[in-house]
Amino acid sequence: MGVSLLLALSVQAQPTSSLTRELAPAQQSLARLDYQTAHREYSRFARSNPLAQFTLGMFEREGWGRPVNAVAACGWFEKAAARNIPAAQQFFGDCLAQGTGRPVDGPAAVYWYRKAGAAGIAPALCSAGDLMISGERVPQDVQQGLALCTSAAQAESPRAMLHLGDLYSNGGAVPADLPLARYWYDQAAQRHDHEAQFRLGIMLSEGQGGDAEPLKARFWLEHAAMEGYAPAYLPTAILYANAAPDAATGALTPQDLAKVHMWNSAARASASNPAQLAEIDRIDQLVATVMPPQWRPELDRQVAAHLAKFSPAAAAAAAGPAPQSPPGLTR
């Protein structure tokens with residue numbers, strides 16, 4: 001995450017290539033996760049190089065090789081923002097909006113967010129818009145706030161698209177508009193935002209903002225689940241459990257039955273809500289009555305491999321013995 005962010009920053013900074021050139025050894029150390037050496041190298045240029053200042057802020061913000069220190073991070077972001085590093089301007093806006101190490105200053109936060117947005121950091125425009133919509137730190141202006149968030153979404157920011165979906169879904173200062181919420185969730189889902197895929201899947205499954213479309217709902221929920229978005233596990237299992245039965249047998253197809261078990265097991269490994277656990281138990285009992293027991297070892301192995309990739313803490317709970325081969329486990 002940190003390395004990809006720095007690479008993106010380097011692309012932004014190409015016109016000032018001398019700034020990036022002198023930081024090359026530091027970037028290489030950071031890419032190797034050698035935080036001690038990288039921090040020392042960035043610190044050598046902290047007085048004069050705004051990219052170094054920004055990156056030192058990231059060390060403090062993300063806790064790279066040290067405890068998280070939000071106040072110190074904001075100090076570095078302030079320096080880099082003043083030297084026209086767009087990502088630092090966005091993060092310094094966060095510092096001002098949240099009052100991190102300084103009093104809350106909504107108008108100044110909006111100033112820096114809009115400056116970052118003008119430099120190409122589209123989500124910062126939606127951050128400014130959010131302050132205007134809520135009216136808690138700046139005078140309320142819902143229409144202007146919505147316009148800023150919409151401009152961020154139209155500039156291909158999936159997070160702004162997701163946020164617009166939330167605003168139109170939840171209602172409040174922005175009147176609820178479920179078809180519009182569904183539209184923006186769909187736009188963000190197509191751009192690989194897993195939370196948007198989940199929210200769109202729920203709307204499609206329940207017929208919110210349009211017709212119920214269970215197959216589309218399952219498509220998007222399973223996309224999110226396959227990428228480790230844990231809230232999607234149980235809804236995906238439920239949709240497979242309610243799939244159309246095989247015309248010849250009147251029962252679920254082997255592939256759908258296998259998916260019910262797999263996603264229900266993943267949900268069990270990550271759920272803590274009592275109501276969800278009760279539903280998981282109910283599904284597990286139903287599956288146990290119809291699924292051949294020899295399928296379970298391989299299915300459980302695949303669940304454990306998935307959780308090991310996305311949630312190592314949950315993987316042990318889902319690990320199973322050596323496999324046999326049930327049908328249809330890949331998409």
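Bear in mind that the values here come from a model prediction, so they are computed numbers and not experimental data.

Participant: Please set out the pattern of salt bridges residue by residue, giving values where relevant.
Facilitator: In the structure shown here, the tally under the stated rule is 16 salt bridges. Between D193 and R159 there is a salt bridge whose closest N-O contact spans 2.6 Å. Pair noted here: D193 is in the loop between α12 (178-190) and α13 (194-206) and R159 is in helix α11 (residues 158-170), with a separation of 34 residues, a long-range link. On the basis of relative accessibility, which here comes to 7%, the residue D193 falls in the buried class. The residue R199 makes a salt bridge to D166 at a minimum N-O spacing of 3.4 Å. Here R199, found in helix α13, pairs with D166, found in helix α11; they are 33 residues apart in sequence, far enough to count as distant.

Participant: Describe the layout of surface pockets, and please don't skip the residues or the numbers.
Facilitator: Volume-wise, the largest pocket comes out at about 340 Å³. At the level of secondary structure, the elements contributing two or more residues to the lining of the largest pocket comprise α7 (86-98), α9 (122-134) and α11. Grouping the constituent residues of the lining of the largest pocket by class yields nine nonpolar, five polar and six charged. Its boundaries defined by the atoms lining it, the second largest pocket holds a volume of some 250 Å³.

Participant: Describe the confidence of the model for the protein chain, listing the residues and the values that go with them.
Facilitator: Scored by pLDDT, the protein chain has a mean of 91; 89% of the residues are at 70 or more. Every residue in residues 1-15 is under pLDDT 50, and counting partners more than four places away or in other chains gives 21 contacts. Confidence drops under pLDDT 50 across residues 316-331; counting only partners more than four residues distant or on other chains, this segment forms 32 contacts.

Participant: Explain the environment of E279 residue by residue, including any values.
Facilitator: Among the structural elements, E279 can be located in helix α17 (residues 274-290). As a C-alpha pair, E279 and N264 span 15 residues in sequence and 9.3 Å in three-dimensional space. Ignoring sequence-local partners within four residues, the contact set of E279 consists of L234 and I238.

Participant: I'd like a description of the nonpolar core, backed by residues and values.
Facilitator: Core analysis: the biggest nonpolar cluster contains 92 residues, and Y42, F54, F77, L146, L164 and W263 have the highest contact counts within it. For this core, the element with the highest residue contribution is α9, accounting for eight residues. Sequence-distant contacts of L164, that is, excluding residues within four places in its chain, are made with L146, C149, T150, A153 and W184.

Participant: Outline α11, listing residues and values.
Facilitator: In this model, α11 (13 residues) spans 18 Å end to end at C-alpha, consistent with the 18 Å of a helix rising 1.5 Å per residue. Next to the buried residues of α11 lie α9, α10 (142-154), α12 and α13. Where α11 terminates, the next one or two residues include G171, which has phi positive at roughly 75°.

Participant: Describe the packing of helix α5 (residues 50-62) against helix α6 (residues 70-82), with residues and values.
Facilitator: Where α5 contacts α6, the axes come no closer than 8 Å and their chain directions differ by 160°. Between α5 and α6, the interaxial angle falls into the category roughly antiparallel. The chirality of how α5 crosses α6 is left-handed. Within the contact between the two elements, α5 uses P50, Q53, F54, L56, G57, M58, E60 and R61 and α6 uses A72, A73, W76, F77, K79 and A80. Considered class by class, the residues forming the contact of α5 with α6 number nine nonpolar, two polar and three charged.

Rules used throughout
- Every chain is numbered independently, its residues counted from 1 as its sequence is written.
- A pLDDT threshold of at least 70 governs which residues receive local features in this predicted model, and a stricter bar of 80 or more applies before side-chain atom pairs are shown or counted, although totals over entire chains, interfaces and linings include all residues.
- Water and hydrogen atoms play no part in the side-chain values, which are based on all heavy atoms of the structure.
- Any carboxyl oxygen of Asp or Glu within 4 Å of a side-chain nitrogen of Lys or Arg constitutes a salt bridge here.
- Numbered from the N terminus, helices here are DSSP runs of H or I no shorter than four residues, and strands are runs of E no shorter than two.
- Using a 1.4 Å probe on the protein chains alone, a residue whose accessible area is under 20% of its type maximum counts as buried, one over 50% counts as exposed, and one in between counts as partly exposed.
- Grid points spaced at 1 Å over the protein atoms alone were grouped into cavities, where a 1.4 Å probe fits but cannot get out, and pockets, open sets with protein on both sides within 12 Å along at least five of seven lines, with lining residues defined by an atom within 4 Å of a point.
- Grid points are joined across faces, edges and corners, and a volume is the space filled by probe spheres set on the points.
- Amino acid classes used here: Ala, Val, Leu, Ile, Met, Phe, Trp, Tyr, Cys and Pro are nonpolar; Asp, Glu, Lys and Arg are charged; the rest, including Gly, are polar.
- Note on scores: pLDDT gives the predictor's confidence for each residue, bounded by 0 and 100.
- Contacts are assigned to residue pairs that have any heavy atoms within 4.5 Å of one another.
- We define a nonpolar core as any set of buried Ala, Val, Leu, Ile, Met, Phe, Trp, Tyr and Cys residues linked to one another through side-chain atoms lying within 4.5 Å.
- Expected span, for any helix, means 1.5 Å times one less than how many residues it has.
- Orientation is described by axes fitted as lines to C-alpha atoms, over the contacting stretch for helices, and by angles from 0 to 180 degrees between their N-to-C directions.
- When describing relative orientation, an angle under 35 degrees is termed roughly parallel and one over 145 degrees roughly antiparallel, while 65 to 115 degrees is termed roughly perpendicular and anything else oblique.
- Crossing handedness is read from the near helix: turned anticlockwise from the far helix by less than a right angle, it gives a left-handed crossing, and turned clockwise, a right-handed one.

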